Every structure is written in structure tokens, then in C-alpha cells.
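# Observations on the model geometry
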Amino acid sequence: NAGVTQTPKFQVLKTGQSMTLQCAQDMNHEYMSWYRQDPGMGLRLIHYSVGAGITDQGEVPNGYNVSRSTTEDFPLRLLSAAPSQTSVYFCASRVGLRELFFGEGSRLTVL
Amino acid sequence: DQQVKQNSPSLSVQEGRISILNCDYTNSMFDYFLWYKKYPAEGPTFLISISSIKDKNEDGRFTVFLNKSAKHLSLHIVPSQPGDSAVYFCAASVDYKLSFGAGTTVTVRA
């Protein structure tokens, strides 16, 4: 079972560059979300979606865009990367209000 | 402002003994609570959960206790095993948002 798949696993960017972190799930989950993990901060919600065509902001949305054109995919776009966006990013999905299933993470470094 | 707090960054316990992890929250609207376990270079995986209408939920070696009046929950692992060495995140949910604590790193000593 593939579950939640994130690409790329590692990425190095220069300040000001843009990129997209890809996330796909094959469990037909309506809910998908993006978190970032930073030392001492735990996991913080960036954006989430409760279904195709519907997205909303989490705790730390600034500097990130999302879209949800299909149930399976939920890409996260960094518009103009900043060193403060150096982090590990996790995509997660779930059905209803039950537990989240996480991807393996994408480690991003912004120089 | 973190609504879910894990005040102990680390915990060291001897194999076979009990591990107790604590978590406090501030939002009284949270209605579902979860614990996740995370190994290095992997995504978090679900461990156990509890609804706000219950005060205890047990699953094998793992038991979660909820004290709503104190806005406190805890995770008990008995007996602790070497494979339990990981980071444990407490999480709380209201509507579609899940808020996480900063995590507690558990080390099980042989």
C-alpha cells in the first residue's frame, strides 16, 4: 500500500526561488493537510483541505499556497523561499475526523 | 500561542518499567485527543486516541488518560521496550484542525 507519498524527499533552494512539494494519497481520503516540523515547535499546520476545490489556512500559512484539484493530490507551493522556511514538511490525510496518516516527510533547506 | 503543550522534552526509562508522558491543553473546545509516535527520518504514526466523552482508553501496552477538568492527558506505556524509543507527540482536535505539542523524546535503556 502506497498510502501518502511525498516528493521530493530532500531539496535545497536559494532565497527567492520557488518550488512545489508534491503530495499524493491513494486512500480516497477527503481531508488532506500540510504540516511543518521545527525543533521545539512540534508540528504546525500550514494549510488543509476538506475536499477537492476546498482549502483553508492553518496556523502558519504565510509564504505558502495550496490547491486541491483532485481528491488524490495536494501540492504545497513556496512562492519565494526564505531561510525561515527551512524545515521538514509532512503531508497527511484522513477520513472524517479520525487519525491522520502521514507521509515520510520532505526536508527543505533554504540558503 | 501553543494550545497543546508537552513540557517534558525528554524522558529516560529502564526497559520493563512504566513510561508516563504528559500533555496539557488550553482550548476547552478540543473534543478528540491523539498520540503519535515518530522515528527519525519517518513520518509520525498513529498510536492511540481518546474522545472527550471518555476518561481512559487502552490498547495493549498503551493507555491514554484524559482529565478534562484539568485539561490534561497522559500516555502510559507498560512495560517499556527498546522499540518504544522515539519522539511522542500529543495532539488535540476541534473541527478539522489538529494541533500538536512539541514532542517528548523517550529513550528506553536496556
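What you are looking at is a predicted structure, and each value in this text was computed from that prediction instead of being measured. (Residues numbered from 1 in each chain as written. Chains lettered and ligands numbered in written order. Predicted model: local features only at pLDDT ≥ 70, side-chain atom pairs only at ≥ 80, totals over all residues. Heavy atoms only, no water.)

### Let's talk about the interface of chain B and chain A
The condition is simple: Throughout, a contact is declared for two residues whenever any of their heavy atoms are within 4.5 Å. The term buried area denotes the loss of accessible surface (1.4 Å probe radius) that occurs when two parts are joined, taken as the sum for both partners. Salt bridges are defined as contacts in which a side-chain nitrogen from Lys or Arg sits within 4 Å of a carboxyl oxygen from Asp or Glu. Nitrogen and oxygen atoms within 3.5 Å of one another constitute a polar contact, given that in protein one can donate a hydrogen and the other can accept it, and given that sequence-neighbouring residues count only through two side-chain atoms. Comment: elements are numbered from the N terminus, with helices defined as DSSP H or I runs of at least four residues and strands as E runs of at least two. Amino acids are sorted into nonpolar (Ala, Val, Leu, Ile, Met, Phe, Trp, Tyr, Cys and Pro), charged (Asp, Glu, Lys and Arg) and polar (every other residue, Gly among them).
Counting from both sides, the interface comprises 19 residues of chain B and, opposite them, 19 residues of chain A. Interface area, chain B with chain A, both sides summed: about 1600 Å², of which 61% is carbon and sulfur. Viewed at the interface, chain A and chain B are joined by 0 salt bridges. The interface formed by chain B and chain A includes 3 residue pairs in polar contact (both at pLDDT 80 or more). Those elements giving two or more residues to the side of chain B that touches chain A turn out to be β4 (32–38), β9 (86–94) and β10 (97–100) of chain B. Tallied by class, the residues present in the side of chain B that touches chain A amount to 11 nonpolar, 4 polar and 4 charged.

### Some details on the sheet that holds strand β8 (residues 76–78) of chain A
Residues and elements named next belong to chain A. Under the convention used in this document: Pairing between strands requires that DSSP locate at least two bridges from one strand to the other. For every element, the axis is a line fit to its C-alpha atoms; helices are fit only across the contacting stretch, and the angle between N-to-C directions ranges from 0 to 180 degrees.
Taken together, 4 strands build an open sheet; the order of strands is β1-β3-β8-β7 and the sheet is antiparallel. With partners counted over all chains shown, the strands left at the sheet margins are β1 (4–7) and β7 (64–66), one partner each. Shown here is a sheet whose adjacent strand axes are inclined to one another by a mean of 20°, direction ignored. The pairing of strand β3 (residues 19–25) with β8 spans 3 bridges and is antiparallel.

### A few points about the packing of aromatic side chains
Inclusion rule: Paired rings are identified among Phe, Tyr and Trp, the last through its six-membered ring, by centres lying within 6.5 Å, and are further divided according to the angle between planes into stacked (under 30 degrees), edge-to-face (over 60) and tilted (the rest). The buried label applies to any residue whose accessible area, calculated with a 1.4 Å probe on protein chains only, is under 20% of its type's maximum; exposed applies above 50%, and partly exposed to all values in between. Each ring is checked for a lysine NZ or an arginine CZ that lies within 6 Å of its centre and within 35 degrees of its normal; such an atom marks a charge sitting over the ring.
Inspection of every chain in the model, using the stated rule, returns 13 aromatic pairs over all chains. Ring centres of F102 of chain A and Y36 of chain B lie 5.6 Å apart, and the angle between their planes is 85°; on these two criteria the pair is classed as edge-to-face. One end of the pair, F102 of chain A, is in strand β10 (residues 101–102); the other, Y36 of chain B, is in strand β4, on a second chain. Taking 6.4 Å as the distance between ring centres and 80° as the angle between the ring planes, the aromatic pair formed by F30 of chain B and F33 of chain B counts as edge-to-face. No difference in accessibility class separates F30 of chain B from F33 of chain B, as the two residues are buried. Three or more aromatic residues joined by ring pairs make a cluster, and in this case those are Y35, F90 and F102 of chain A together with Y36, F46, F89 and F100 of chain B. Over the ring of F74 of chain A we find R68 of chain A, and its NZ or CZ is 6.0 Å from the ring centre. Above the ring of Y31 of chain A, the side-chain terminus of R94 of chain A is found at 4.4 Å from the ring centroid.

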